[in-house]
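One-letter residues, chain by chain:
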Amino acid sequence: MSAVHFDSYTEARAHLKDLLDAAEKGRVATVRRDTAVTAVVAVERLRHFLASIVPSRAQVVPEDGAWSVFIPGLPVAADGASFDEAIGEMVDALREYAEDWQERLLDASNHRDNWGLVQLISLSSDEQLREWLVGGAR
């Protein structure tokens, strides 16, 4: 099986198994709807790729016996009494940011380019996000 492309939503729906099988194997799988073409990609493949190209840039600093975590350029920060607690709080803060992005920030000019980050957050488990934050995702 090579690349799979369907020129309409109706055609894709009729061949959904073929579309999903191609995506799961890493083959190009696309569907055209009007003038837009959408790719179908297996979640774990996309998450792995995004983790490898979207750097966390998280900075963790000790402050007065506690820890703070922030990502420069993002309105996301967290604190904790321990390093692990601060990272856990950052995972929660990232999830809140991804939810806010989906609901209202996706069209804001200063947030629009965070699409890949939001996808990574949404497709990752808490443990995967922890690894990504501390540099263990690669």
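Higher on the page you've got the structure.
Residues numbered from 1 in each chain as written. Predicted model: local features only at pLDDT ≥ 70, side-chain atom pairs only at ≥ 80, totals over all residues. Heavy atoms only, no water.

Draft legend 1. How the structure looks around the sheet that holds strand 6 (residues 77-80). The antiparallel open sheet is built from three strands, whose spatial order is 4-5-6. The open sheet has two free edges, formed respectively by strand 4 (59-63) and strand 6, since each of these has just one partner strand. Ignoring strand direction, the axes of neighbouring strands in this sheet form an average angle of 20 degrees. As defined by bridge partners, strand 4 adjoins strand 5 (residues 66-70) across five bridges and the pair is classed as antiparallel. Across the sheet, Pro62 pairs through a bridge with Trp67, a residue of strand 5. Packed onto the sheet, helix 4 (residues 83-105) meets strand 4, strand 5 and strand 6 and runs at close to 150 degrees relative to strand 6. (Pairing = 2+ DSSP bridges. Helix = DSSP H or I, 4+ residues; strand = E, 2+ residues; numbered from the N terminus. Axes fitted to C-alpha atoms, helices over the stretch in contact; angles between N-to-C directions. Contact = heavy atoms within 4.5 Å.)

Draft legend 2. View of the nonpolar core. With 25 residues, the main nonpolar core has Val76, Met90, Leu94, Tyr97, Leu117, Trp132 and Leu133 as its most contacted residues. For this core, the secondary structure elements donating two or more residues are helix 3 (43-53), helix 4, helix 5 (115-123) and helix 6 (126-134). Here this core gets 10 residues from one element, more than from any other, and that element is helix 4. Beyond its immediate stretch of four places on either side in the chain, Leu133 contacts Ser56, Ala58, Ile71, Ile87, Met90, Val91 and Leu94. (Core = buried A, V, L, I, M, F, W, Y, C linked by side-chain atoms within 4.5 Å. Buried < 20%, exposed > 50% of the residue type's maximum accessible area, 1.4 Å probe, protein only.)

Draft legend 3. Seen up close, helix 3. The set of residues buried in helix 3 consists of Arg47, Leu50 and Ala51. What you see down the axis of helix 3 is that its buried residues fit within an arc of 100 degrees, all on one side. Taken together, the buried residues of helix 3 touch helix 5 and helix 6. (Arc of directions from axis to C-beta.)

Draft legend 4. The packing of aromatic side chains, seen in detail. Scanning all chains against the criterion turns up one aromatic pair. Seen from their ring centres, Trp67 and Phe83 are 5.5 Å apart, and the 85 degrees between their planes marks the pair as edge-to-face. One end of the pair, Trp67, is in strand 5; the other, Phe83, is in helix 4, with 16 residues separating them in the sequence. Residue class for Trp67 comes out partly exposed when judged on its relative accessible area of 28%. (Phe/Tyr/Trp six-rings, centres within 6.5 Å; stacked < 30°, edge-to-face > 60°.)

Draft legend 5. Main features of unusual backbone geometry. The phi angle at Asp34 is positive, at roughly 60 degrees, despite the residue not being glycine. Along the chain, Asp34 turns up in the loop between strand 2 (29-33) and strand 3 (36-39). Positive phi outside glycine occurs at Asp64, with the angle close to 50 degrees. Judged by its relative accessible area of 85%, Asp64 is exposed.

Draft legend 6. Structural detail: the pattern of salt bridges. Enumeration over the complete set of coordinates arrives at five salt bridges. Arg32 is paired through a salt bridge with Asp7; the nearest N and O atoms lie 3.8 Å apart. Remark: Asp7 occurs in the loop between strand 1 (4-6) and helix 1 (9-14) and Arg32 occurs in strand 2; sequence separation between them is 25 residues. With a shortest N-O distance of 2.9 Å, Arg95 and Asp126 are connected by a salt bridge. Taken together, the residues Arg95 in helix 4 and Asp126 in helix 6 connect sequence positions 31 residues apart. (Salt bridge = Lys/Arg side-chain N within 4 Å of Asp/Glu carboxyl O.)

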